[in-house]
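# Summary of the model geometry
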Amino acid sequence: MKKRQRLVSTTHIILLSFLVVIFIGALLLWLPISSSDGKSVPFLNALFTATTSTCVTGLVVTPTVSSWSIFGQIVILLLIQIGGLGVITIISGLMIALHKKMGIGDRLLLEDAFNLNTLSGLVRFVKKVVTGTFIIEGLGSLLYMTVFIPQFGVRGIWVSVFTSVSAFCNAGIDIISQNSLCDYALNPVINIVTCALIVLGGIGYVVWWDVLRVLKLMPKKKIKFFKSLTLHSKIAIFTTFILIVSGAVLIFVFEYNNPHTIKDYTLGEKIQVCLFQSITTRTAGFATVPQENLTNASSIICLFLMFIGGSPVGTAGGIKTVTFAIIIASAFSLIFNKDDTELFGRRVKKQAISKAMAVTCISFITMFVSTILLCAITDANALDIIYETVSATATVGLTRNLTLYLNDFGKLIIIVTMYLGRVGPISLAIAFNRKKENQNIVRNPAEEISVG
């Protein structure tokens, strides 16, 4: 009974924490001081902005650069940082900084928030996550300053910090212009720094520490890098690499002669733009080409990449790379009549397969229902609507110029979709991580059914 109560308690605390932060953020953004013109924005717009920031999505109904004052932008940045790291992580980090003792309940919350399977070393893990995050965001800010300070002057410092945090947290919100990073499509510094921040934030904290562990051991034990990684890290890194490269190649092929995107660019410039597009679909939301100008084929590729998203225990959304890899491996094991699902010479547990299927199913249902509802209240192009709902479900933030024209009902639909897209997979992860209270339960009889 205690375990069941604990499941309900930790799940509800994590889900409600996002709601509380969103509501507080909406109230702050609703204040006249948050608006650039000193007048309160409509509360629904404030709620939408608070939701997209906390859920690190990036869809906006008002241009961030012109709609919000410095105070409003600070609120948005704090919401992005909280949403990227997670509310529980932020609170735990503050407790550690203030030397407050963490009880078993706090540790259970952390275990659930990070989707881990052990209470061992959680405090150390949080310290490393918070410290590593601020170091990377700081380095990103410094590199951005080499471009933004010459362009914006002193304001370039704030622009650099905001963009770095937004990129690392995979939020895709910027305070540079109303067309995202389209003006920097061919700027190598902006492209490289942004892509690096997106990948580092989306690959997952667990992979960070595993990579560092192996790198430390390599000189001492003469081990091979990739072979010495954990199975989780191997899957996350390999799948991320394959998706980024294959996505860039396909977008390059489909956009090569598109006069609205990259036709007039040199070969190197085309590669740069296509690589950025492939990486930003990993739930980052920045754009260096208008998404509505992409060919239909490229848009479908982007939908696929957005739905998958980043890796577990990171700042990205989507069903996650590891989830996708497990589903594909499970399908092929069934096709080739294998008893076990295997990846990199290791057997994948049945529980992981069930979890992957559940996360994918819930995410698809969220996207599907959102699409139907949005189609019912707007006469926009079907591809534009699907792009919007997949972007919201996977907390990406890319849009084919539809978000700005949503009516109030459309805004509410996307708000709910962004929230469910952010917390839905977390809820399922928590539920699956809890072991059953009694393994000797009475089961109903099984019966054969036809599938396929």
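Residues numbered from 1 in each chain as written. Predicted model: local features only at pLDDT ≥ 70, side-chain atom pairs only at ≥ 80, totals over all residues. Heavy atoms only, no water.

### Examining the overall build of the chain
If you tally the helices and strands in the chain, you get 18 helices and two strands. Residues classed as buried in the chain amount to 53% of the 452 residues present. When the accessible surface of the chain is totalled, it reaches about 21,500 Å², and 67% of it is carbon and sulfur. (Helix = DSSP H or I, 4+ residues; strand = E, 2+ residues; numbered from the N terminus. Buried < 20%, exposed > 50% of the residue type's maximum accessible area, 1.4 Å probe, protein only. Areas by Shrake-Rupley, 256 points an atom, 1.4 Å probe, with all protein chains shown as cover.)

### Observations regarding the packing of helix α12 (residues 231-255) against helix α15 (residues 321-335)
One can describe the packing of α12 onto α15 by two numbers: an axis separation of 9 Å at closest approach and a directional angle of 90 degrees. Comparing the axis directions of α12 and α15 gives the class roughly perpendicular. Judged by residue contacts, H232, I235, A236, T239, T240 and L243 of α12 engage T321, V322, F324 and A325 from α15. In terms of residue class, the contact of α12 with α15 is made up of six nonpolar, four polar and no charged. (Axes fitted to C-alpha atoms, helices over the stretch in contact; angles between N-to-C directions. Parallel < 35°, antiparallel > 145°, perpendicular 65-115°, else oblique. Contact = heavy atoms within 4.5 Å. Nonpolar A, V, L, I, M, F, W, Y, C, P; charged D, E, K, R; others polar.)

### Here's the deal with the side chain of S35
With respect to the secondary-structure elements, S35 resides in the loop between α1 (2-30) and α2 (43-54). Accessibility expressed as a relative area gives 5% for S35, which makes it buried. Side-chain polar atoms of S35 contact the backbone oxygen of K39, separated by 3.0 Å. With residues up to four places along the chain from it excluded, the contact list for S35 reads V41, S67, W68 and S69. (Polar contact = N/O pair within 3.5 Å; in protein donor to acceptor, adjacent residues only side chain to side chain.)

### Some thoughts on the environment of G397
Mapped onto the elements of the fold, G397 is located in the loop between α17 (382-393) and α18 (408-433). In the structure, G397 is positioned 116 residues away from T281 in sequence and 8.7 Å away in space, judged by C-alpha atoms.

### Some thoughts on the side chain of K234
Residue position: K234 is located in helix α12. The contact partners of K234, leaving out residues within four places of it in the chain, are F226, K227, L229 and F344.

### Re α12
Look at α12: 35 Å from first C-alpha to last across 25 residues, which is about the 36 Å you get at 1.5 Å a residue. Taken residue by residue, α12 has S233, K234, I235, A236, T239, T240, L243, I244, G247, A248, I251 and E255 as its buried positions. (Expected span 1.5 Å × (residues − 1).)

### Quick word on a positive patch on the surface
Side chains of R124, K128, K216, K220 and K221 sit close together on the surface and give a patch of like positive charge. Going through the elements one at a time, α7 (122-152) and α10 (205-221) are the ones with two or more residues in the positive patch. In terms of residue count, α10 provides more of the positive patch than any other element does, three residues in total. Inspection of the secondary structure puts K216 in helix α10. Looking at K216, the relative accessible area reads 60%, which means it is exposed. (Patch = residues over 30% accessible without salt bridge, like charges linked within 9 Å, V, L, I, M, F, W, Y side chains within 5 Å. Salt bridge = Lys/Arg side-chain N within 4 Å of Asp/Glu carboxyl O. Lys, Arg positive; Asp, Glu negative; His and termini not counted. Charge placed at Lys NZ, Arg CZ, Asp CG, Glu CD.)

### Brief notes about unusual backbone geometry
Residues other than glycine seldom take positive phi values, yet N170 does so here, at roughly 60 degrees. The topology assignment puts N170 in the loop between α8 (155-168) and α9 (188-203). One non-glycine residue, T283, adopts positive backbone phi at about 85 degrees. Following the sequence through the fold, T283 ends up in the loop between α13 (267-280) and α14 (296-308). The exposure class assigned to T283 is buried, which follows from its relative accessible area of 0%.

### Observations concerning the pattern of salt bridges
Under the counting rule described, the total for this entry stands at two salt bridges. We note a salt bridge from R213 to D210, for which the minimum N-O separation is 2.6 Å. Of the two residues, R213 and D210 both sit in helix α10, three residues apart, roughly one turn of that helix. Taking the shortest distance from any N to any O, the salt bridge between R400 and D384 comes out at 2.5 Å. Of this pair, R400 sits in the loop between α17 and α18 while D384 is found in helix α17, placing the two residues 16 residues apart along the sequence.

### Quick look at the nonpolar core
Nonpolar side chains in soluble globular proteins tend to be buried together. Core analysis: the biggest nonpolar cluster contains 81 residues, and L29, I80, F148, Y205 and I414 have the highest contact counts within it. In this structure, L294, F307, F324 and V396 belong to the second largest nonpolar core, which totals 26 residues. (Core = buried A, V, L, I, M, F, W, Y, C linked by side-chain atoms within 4.5 Å.)

### Some words on the confidence of the model for the chain
It should be kept in mind that the predicted coordinates are not to be read in detail where pLDDT is low. In the predicted model, the chain carries a mean pLDDT of 86, and the fraction of residues at 70 or more is 85%. Long-range and interchain partners of residues 1-8, a stretch whose pLDDT sits below 50, account for seven contacts in this model, where long-range means more than four residues apart. (pLDDT = per-residue confidence, 0-100.)

### Digging into the packing of aromatic side chains
Inspection of every chain in the model, using the stated rule, returns 14 aromatic pairs. Here the aromatic rings of F226 and F344 are separated by 5.6 Å at their centres, their planes lie at 65 degrees, and the arrangement is edge-to-face. Of the two residues, F226 is situated in helix α11 (residues 225-228) and F344 in the loop between β1 (342-343) and β2 (346-347); the sequence distance between them amounts to 118 residues. On the basis of relative accessible area, F226 is assigned to the partly exposed category, the value being 29%. Its relative accessible area of 35% is what places F344 among the partly exposed residues. Seen in terms of ring centroids, F332 and F336 are 6.2 Å apart; in terms of plane orientation they differ by 15 degrees. Their pairing is stacked. Of the residues examined, F332 reaches a relative accessible area of 44% and is grouped as partly exposed. (Phe/Tyr/Trp six-rings, centres within 6.5 Å; stacked < 30°, edge-to-face > 60°.)

### A closer look at the state of the cysteines
Scanning the entire structure with this criterion turns up zero disulfides. C302 carries a free sulfur, and the closest cysteine sulfur to it, the one in C274, is 9.7 Å from it. Assessed through its relative accessible area of 0%, C302 is described here as buried. (Disulfide = S-S within 2.5 Å.)

### Quick look at a nonpolar patch on the surface
The grouping of F238, F241, I242, V245, V249, L250, V253, F254 and F344 at the surface amounts to a nonpolar patch, some 770 Å² of accessible area in total. By the secondary structure assignment, F241 is in helix α12. Looking at F241, the relative accessible area reads 54%, which means it is exposed.

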